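For reference, the chains in residue letters:
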Amino acid sequence: MSTKPQFYLTTAISYPNGAPHIGHAYELIASDAIARFKRLDGYDVFFLTGTDEHGQKMLQTAQKEGIEVRELADRNAANFKSMATALNASNDDFIRTTEERHRLSCQAIWKRMEEAGDIYLATYAGWYSVRDEAYYTEAETTVGTDHVRRGPQGTPVEWVEEESYFFRLSRFEQPLLKHYQDHPDFIGPDERRNEITSFVKSGLKDLSVSRTAFDWGIPVPGNPKHVMYVWVDALTNYLTATGFPDEQAERQHFWPANVHIIGKDIVRFHTVYWPAFLLSAGLPLPQRVFGHGFLFNRGEKMSKSVGNVIDPFALASHYGVDQLRYFFLREVPFGQDGNYSHEAIVTRINADLANDLGNLAQRSLSMIAKNLEGKAPQLQNLLPQDEAILALADALPEKCRHLMQNFALHQILAEIWRVVAEANRYFATEEPWIIRKTDQARFEVILAVTSEVLRAVAIMAQPVMPVACAKLLDLLGVPDTSRDFSHVGVKGRLDGGRMLPAPSGLFPRYVEEDTSAQDTTA
RNA sequence: GGCGGAGUAGCUCAGCUGGUUAGAGCAGAGGAAUCAUAAUCCUUGUGUCGGGAGUUCAAAUCUCUCCUUCGCUACCA
């Protein structure tokens, strides 16, 4: 086991009854940036993502397509897996809830909850709409003038009773409230904590945690007529991946997770049900749950009927993976909803990446190539303005680390780009292209300072743009072993004289191919 | 209905516990420079800080009220 501090983070697992969409991509990209950040900051990271493959919807989709549900799961899970690859995610594991290890884990946590006396067999009754295939509470139904009771969708409902296991969620109302109070960071962002707290305060009912209507799920131990309610099944994946219940498992020490990164729509499952299950099973709770926002296409929610569903594979190949990652994380305050559009993506790519950073690298590195025969200049004889810009760059790890405590990914990027902007001002003010004619030594210092700032920027931006930053670090002649955050600043200063490779463009400007192609995201 | 957010420049948003002429980025306008991916740098905003009332020496920042908008209000995931 590593002596480094450990950090375990997860995405939600995706429900693969369809193709991955932009929301999946966003969550994965953000989580990956956090994972990479923590690795570069000296943590032993375990980053998990995967697919949640059980439940009635999978069954229905398979039926519709005329294939076996297993086949559907295999096919679509493979899609999600390849999305992770396409987006350059650095997940250490990819869990599928149909795996044997997960069955063992779910049945183990179930038994623990049962032994704790929190699971009992009873009858689940409710108003069921065959058309909607959903249960509704009495309050959600209305009786029309024709004396027919209907659900919210206007479809007729009937009273159905089904044998079901229940989880004594009601018992956990006070323990949960106490936990929220004692651990104010448990639910983030703050708005979500308020919502959940008021939800729990309004009272918790026991939860039906098994189904008999279908069998595509994990059998309840000792009563295989029942399969577990999908959320018992799904949430437990986080535990499964650490090897639970095997206490000798290699990754056993990663539990409890440091953070679950999830969409805001499933915060309740992660901050009410999940901790209640764990409390019942006598297991430690995850430290934090963070609900990110949704991405909207020009302010509109994506939907198949509107026809604005975007394929993340297409986006990544059209704009570039690093560019897409940068856009999502820079443009949208993490935790809030955000918008994306072709215009916004192009603006970010061209203004921030090509112009501000790419061009700065290009103009400075090509000066080194042309005037210094590709030999890196020595950082020495610094003037106050040199010290000032270096101090800004050197301060980045601490600032970013602080911002990362709240997963403020957009602010981290803003902070880094503040340094880039300052470096551009520095470069323009120092006018190395003029100094070169009169003062060769000073010319070299300016380039050395600029290179040094670029080195810090490249190191800090790696979590978001791993490929481009690696390329920039290559161009700067930074050894592979000197690229973590501890190398920003004095400790990582490189000696002059090292030979740099021939500079080449970092971020090409995005140029519209033709007007008809503008509608990639429309 | 209940609870909780939000409404600040053309656009996206910062503005913590109230205090000098309300900020940033993008877009727009003018200029400088020419090393560089026609990139960069400088200058440039007469904004009823949603409406109204109140507290205060002083409010975008506190209180009340109204308007608009969004989220949560349990077993599809």
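Residues numbered from 1 in each chain as written. Chains lettered and ligands numbered in written order. Predicted model: local features only at pLDDT ≥ 70, side-chain atom pairs only at ≥ 80, totals over all residues. Heavy atoms only, no water.

A. Structural context of the sheet that holds strand β13 (residues 223–228). Strands sit in the order β11-β13-β12 across an open sheet of three strands; the sheet is antiparallel. One side of each edge strand has no neighbouring strand; the edge strands of this open sheet are β11 (210–211) and β12 (219–220). Relative to β13, β12 is paired through two bridges, and the arrangement is antiparallel. Residue pairing across strands places Val220 opposite Asn223, the latter belonging to β13. Taken strand by strand, helix α4 (residues 100–115) contacts β11, β12 and β13, and its axis lies near 100° from that of β13. (Pairing = 2+ DSSP bridges. Helix = DSSP H or I, 4+ residues; strand = E, 2+ residues; numbered from the N terminus. Contact = heavy atoms within 4.5 Å. Axes fitted to C-alpha atoms, helices over the stretch in contact; angles between N-to-C directions.)

B. Region of the structure containing the pattern of salt bridges. Overall, the coordinates contain 29 salt bridges when judged by the stated rule. Two residues, Arg442 and Asp386, come together in a salt bridge whose shortest N-O distance is 2.7 Å. Taken together, the residues Arg442 in helix α17 (residues 440–461) and Asp386 in helix α13 (residues 384–394) connect sequence positions 56 residues apart. Note on Arg442: relative accessible area 11%, which makes it buried. A salt bridge links Glu430 to Arg442; the nearest nitrogen and oxygen atoms lie 3.0 Å apart. Linking Glu430 in helix α15 (residues 409–430) with Arg442 in helix α17, this pair joins segments that are twelve residues apart in sequence. Like Arg442, Glu430 is buried. Here the residues in one salt-bridge network are Glu53, Arg70, Asp74 and Arg96, joined through shared partners. (Salt bridge = Lys/Arg side-chain N within 4 Å of Asp/Glu carboxyl O. Buried < 20%, exposed > 50% of the residue type's maximum accessible area, 1.4 Å probe, protein only.)

C. Region of interest: the packing of aromatic side chains. Summed over the entire model, instances satisfying the criterion amount to 24 aromatic pairs. Ring centres of Tyr120 and Phe166 lie 5.7 Å apart, and the angle between their planes is 15°; on these two criteria the pair is classed as stacked. Taken together, the positions of Tyr120 in strand β4 (residues 119–129) and Phe166 in strand β8 (residues 158–167) put the pair 46 residues apart, joining distant regions of the chain. For Tyr120, a relative accessible area of 24% gives the class partly exposed. Since its relative accessible area comes to 9%, Phe166 is described here as buried. Put simply, the rings of Tyr8, Phe46, Tyr238, Phe254, Trp255 and Trp274 touch in pairs and so form one group of aromatic residues. A cation sits over an aromatic face here: Lys38 above Tyr43, 4.4 Å from the ring centre. (Phe/Tyr/Trp six-rings, centres within 6.5 Å; stacked < 30°, edge-to-face > 60°. Lys NZ or Arg CZ within 6 Å of the ring centre and 35° of its normal.)

In short, the description is geometric, and any link to function would need to be established separately.
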